[in-house]
Amino acid sequence: MSLFEDLIRSKITELEELKKNLVIEIETRIRRDANASLNKFSEQITNVESEVALERERILYDAVVSSRKKLAETYEQLLKDLVEALYEEVDKIRGSERYVKFLTKLVEDAVRYIQSSDVIIYASPKDRGVVEVIARNLGLTGLIGERDIKGGVIVTSRDGRIAVDYSIESIVNNKLEELKHLLYLETR
């Protein structure tokens, strides 16, 4: 073989070796770039998944808070409706024997607490006549006055130092927590 052929073969061998290394180097570079891209996108996907999970939790939290607020508002409205229904019922039974007995018991209890028959009794303008009859029947001395109340009575000592508030509003307010409890149990 000639020198020229040896050189050509040597160069061909070098080129084939270079070609083989080039393919390996390109494959390695492509794999490295692909892994880098995958890692980058995996990180982005993880971040997006985290953001989606956080947004989901925020939406759920907002929905729970909103539903609890709506439920509380509904209970409050039901309680207001219940109280109004009680006031309407008092208006319906006003003047009945049952209501007169109720007022009589309130006046008796208040007088017993004050420990005097010389009292001032305040009543709703709608109940004034009935309360005057009750006071006469109980032998009470004092005044009968009117107050802007839904029903019941407010009884005070003559000097005003002792007052017993048996107005329907006070009775209802004193029972409000019990009413809330009952309302809650009834709506479950």
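Draft legend 1. How the structure looks around the pattern of salt bridges. Overall, the coordinates contain 15 salt bridges when judged by the stated rule. Notably, a salt bridge pairs Lys126 with Asp91, separated by 3.6 Å at the nearest N-O pair. Of this pair, Lys126 sits in the loop between β1 (118-123) and α3 (128-137) while Asp91 sits in helix α1 (residues 3-93); the two residues are 35 residues apart in sequence, bridging distant segments of the chain. Accessibility expressed as a relative area gives 57% for Lys126, which makes it exposed. In this structure Asp91 comes out as partly exposed when scored by relative accessible area, which is 39%. With a closest N to O distance of 3.8 Å, Glu146 and Arg128 form a salt bridge.

Draft legend 2. Quick look at the nonpolar core. Counting 25 residues, the largest nonpolar core has Ile121 and Val153 as the members making the most contacts within it. Elements that contribute at least two residues to this core include exactly α1, α2 (97-114), β1, α3, β3 (152-157) and α4 (168-174). In terms of residue count, α2 provides more of this core than any other element does, seven residues in total. Not counting chain neighbours up to four residues away, the residues in contact with Ile121 comprise Val107, Val131, Ala135, Leu140, Leu143, Ile144, Gly145, Val153, Ile154 and Val155.

Draft legend 3. Here's a closer look at the packing of aromatic side chains. Applying the stated rule across the entire model yields one aromatic pair. With a centroid separation of 6.0 Å and an interplanar angle of 35 degrees, the aromatic rings of Tyr99 and Phe102 are classed as tilted. One end of the pair is Tyr99 and the other is Phe102, both in helix α2 and three residues apart, which spans about a single turn. Of the residues examined, Tyr99 reaches a relative accessible area of 2% and is grouped as buried. The residue whose ring lies beneath Arg147 is Tyr122, and the NZ or CZ to ring-centre distance is 4.0 Å.

Draft legend 4. Quick look at a negative patch on the surface. A cluster of like negative charges, contributed by Asp81, Glu84, Glu88 and Glu89, occupies part of the molecular surface. Within the secondary structure, Glu84 sits in helix α1.

Draft legend 5. Expanded view of the pairing of β1. With five of six residues buried, β1 lies mostly within the body of the structure. Pairing of β1 with strand β2 (residues 141-146), which is carried by six bridges, proceeds in the parallel orientation. Within the sheet, the bridge partner assigned to Ala123 lies in β2 and is Glu146. On the question of chirality, the crossover connecting β1 to the parallel β2 by way of α3 is right-handed.

Draft legend 6. Geometry of the pairing of β3. With six of its six residues buried, β3 lies for the most part within the structure. Of the two faces of β3, the one lined by Gly152, Ile154 and Thr156 and the one lined by Val153, Val155 and Ser157 are each fully buried. Sheet topology note: the β1/β3 ladder contains five bridges and is antiparallel. Following the sheet pairing, Tyr122 is matched in β3 by Ile154.

Draft legend 7. Layout of a nonpolar patch on the surface. On the surface, Leu22, Ile26 and Ile30 cluster together to form a nonpolar patch covering roughly 280 Å² of accessible area. Checked against the element boundaries, Leu22 lands in helix α1.

Draft legend 8. Quick look at the side chain of Ser167. As for its placement among the helices and strands, Ser167 is situated in strand β4 (residues 163-167). Aside from chain neighbours lying at most four places away, what touches Ser167 is Ile149, Gly151, Gly152, Val153 and Ile154.

Quick notes on the rules
- Residues numbered from 1 in each chain as written.
- Predicted model: local features only at pLDDT ≥ 70, side-chain atom pairs only at ≥ 80, totals over all residues.
- Heavy atoms only, no water.
- Salt bridge = Lys/Arg side-chain N within 4 Å of Asp/Glu carboxyl O.
- Helix = DSSP H or I, 4+ residues; strand = E, 2+ residues; numbered from the N terminus.
- Buried < 20%, exposed > 50% of the residue type's maximum accessible area, 1.4 Å probe, protein only.
- Core = buried A, V, L, I, M, F, W, Y, C linked by side-chain atoms within 4.5 Å.
- Contact = heavy atoms within 4.5 Å.
- Phe/Tyr/Trp six-rings, centres within 6.5 Å; stacked < 30°, edge-to-face > 60°.
- Lys NZ or Arg CZ within 6 Å of the ring centre and 35° of its normal.
- Patch = residues over 30% accessible without salt bridge, like charges linked within 9 Å, V, L, I, M, F, W, Y side chains within 5 Å.
- Areas by Shrake-Rupley, 256 points an atom, 1.4 Å probe, with all protein chains shown as cover.
- Lys, Arg positive; Asp, Glu negative; His and termini not counted.
- Charge placed at Lys NZ, Arg CZ, Asp CG, Glu CD.
- Pairing = 2+ DSSP bridges.
- Right-handed = clockwise from strand over helix to strand, strands pointing away.

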